[in-house]
Amino acid sequence: MPDLERYPTLVSFEELPKELRWEACLEALNSEYTLSFRKACRILKCSRDWISKYIKPNCHYIYLTNRFGRRANYYAIAQRRLGLEEKDSVWFNENEFKNMIMSSITSCTRQTISIPVEFFIKPNQLERFRIEYVEARDGKEFQLEKMEEAVEKYATDIGRNLWKTMASPYARGKSPVISVTVPSFGLESMMAVHDLKNYGDTDEMIYRDLFRMGAIRIEISIPDRDGCISRKIYYLEPEDDVNLNNTVEPILINYADYIAYKDKFTIWK
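*Asks:* I keep staring at the overall build of the chain and nothing clicks. Help me out?
*Replies:* What the chain contains, in helices and strands, is 11 helices and nine strands. Summarising its shape, the C-alpha atoms of the chain cover approximately 85 × 35 × 35 Å along the three principal directions. Among the 269 residues that make up the chain, the fraction classed as buried is 42%. Across the chain, every contact between residues at least 6 apart in sequence was considered, and the portion connecting residues at least 24 apart equals 74%. Summing over all exposed atoms, the chain offers an accessible surface of approximately 16100 Å²; the carbon and sulfur share of this is 47%. Averaging the coordinates of the 39 positive side-chain charges in the chain and doing the same for the 41 negative ones gives two points 3 Å apart.

Shown next as structure tokens:
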């Protein structure tokens, strides 16, 4: 009999008559307990040790023995009956896992957003601006000064000020951190810095890329069995309602400025 005091989230079906437990277990594996230990690790970009310490005490799970001899190889039997794709002995309640992660988000913030440079330009000067900007950008000689002059010449007062204070990935600390509503997202879309790194990459490179993306930063806080909190940081790619398809130049601004001035930007499509 399992030690339920030591493993309070282990589902053992002990409340049922012995002859009904295995079928009840199979039904649960087929309907609710559908998240394997391995997939939980992949979703949270973490080790098996971390999942054991912080997820198992907070999320109900089924454990299938995989031993031969006097004990049945329950995993092998379940695999044959249900066609389990993952070779795992521990299966979490998938909905409970998702709800636990979402309810454990203690912070959701962002710093930047990309917008069309046209948002800064006077409505009656848009066409002139676009012509001069593109000529400077795509001419035989790339002329950054001419591009900046076009903005200065045709921008609104707000646009001119925001152009001068655009966000820079090399000065991330100057961009305010703004709390935002947690968006709707699938857990598989969460990104972690250590998981994004490739050979030759540094953490700094990844942070700059996330900053340029306007990534949403979420912090998840989960306690272990003794109440000690582990905090993990993830990033989400934003789904902004800003059309960048036809702009002559997308520009990166502070999200705080976007919130403050978005209703005053030039309407442009």
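*Asks:* Would you mind going over unusual backbone geometry with me for this structure?
*Replies:* Trans is the common state for peptide bonds, and a negative phi is the common state for residues other than glycine. For F13, which is not glycine, the phi dihedral falls at a positive 60°. Assignment of secondary structure puts F13 in the segment before helix 1 (18-31). The class for F13 is buried, based on a relative accessible area of 10%. Its identity is not glycine, yet K45 carries a phi of approximately 50°, on the positive side. With respect to the secondary-structure elements, K45 resides in the loop between helix 2 (37-44) and helix 3 (48-55). The class of K45 is buried, set by a relative accessible area of 15%.

*Asks:* Any chance you could explain the pattern of salt bridges here in plain terms?
*Replies:* Close approach of charged atoms lets side chains of opposite charge pair. Considering all chains together, one arrives at 16 salt bridges under this definition. Among the salt bridges present, the one from K98 reaches E94, with a minimum N-O distance of 3.8 Å. Separated by four residues within a single helix, K98 and E94 lie in helix 5 (residues 94-103), roughly one turn from each other. Its relative accessible area of 34% is what places K98 among the partly exposed residues. Owing to a relative accessible area of 16%, E94 belongs among the buried residues under this scheme. Shared partners join several salt bridges into a network, and the residues in it are R38, R48 and D88.

*Asks:* Honestly, the packing of helix 6 (residues 126-138) against helix 7 (residues 144-154) in this entry has me stumped. Any pointers?
*Replies:* How two helices sit against one another is set out by the angle between their axes and by the gap between those axes. As a packed pair, helix 6 and helix 7 sit with axes 8 Å apart at the nearest point and diverge in direction by 170°. Considered as vectors, helix 6 and helix 7 are oriented roughly antiparallel to each other. For the pair helix 6 and helix 7, the sense of crossing is left-handed. Residues R128, F129, E132, Y133, A136 and R137 of helix 6 touch helix 7, and the partners they reach there are K146, M147, A150, V151, K153 and Y154. The residue inventory of the contact of helix 6 with helix 7, partitioned by class, reads seven nonpolar, no polar and five charged.

*Asks:* Even after reading the chapter, I still don't get the packing of helix 2 against helix 3, so can you show me in this structure?
*Replies:* For the pair helix 2 and helix 3, interaxial distance at closest approach is 9 Å and the crossing angle is 95°. The angle between helix 2 and helix 3 falls in the class roughly perpendicular. Contacts between helix 2 and helix 3 involve F37, R38, A40, C41 and L44 from the first element and R48, W50, I51, S52 and I55 from the second. Partitioned by chemical class, the residues of the contact of helix 2 with helix 3 number seven nonpolar, one polar and two charged.

Cut-offs and rules
- Residues numbered from 1 in each chain as written.
- Predicted model: local features only at pLDDT ≥ 70, side-chain atom pairs only at ≥ 80, totals over all residues.
- Heavy atoms only, no water.
- Helix = DSSP H or I, 4+ residues; strand = E, 2+ residues; numbered from the N terminus.
- Buried < 20%, exposed > 50% of the residue type's maximum accessible area, 1.4 Å probe, protein only.
- Contact = heavy atoms within 4.5 Å.
- Areas by Shrake-Rupley, 256 points an atom, 1.4 Å probe, with all protein chains shown as cover.
- Lys, Arg positive; Asp, Glu negative; His and termini not counted.
- Charge placed at Lys NZ, Arg CZ, Asp CG, Glu CD.
- Salt bridge = Lys/Arg side-chain N within 4 Å of Asp/Glu carboxyl O.
- Axes fitted to C-alpha atoms, helices over the stretch in contact; angles between N-to-C directions.
- Parallel < 35°, antiparallel > 145°, perpendicular 65-115°, else oblique.
- Left-handed = near helix turned anticlockwise from the far one by under 90°.
- Nonpolar A, V, L, I, M, F, W, Y, C, P; charged D, E, K, R; others polar.

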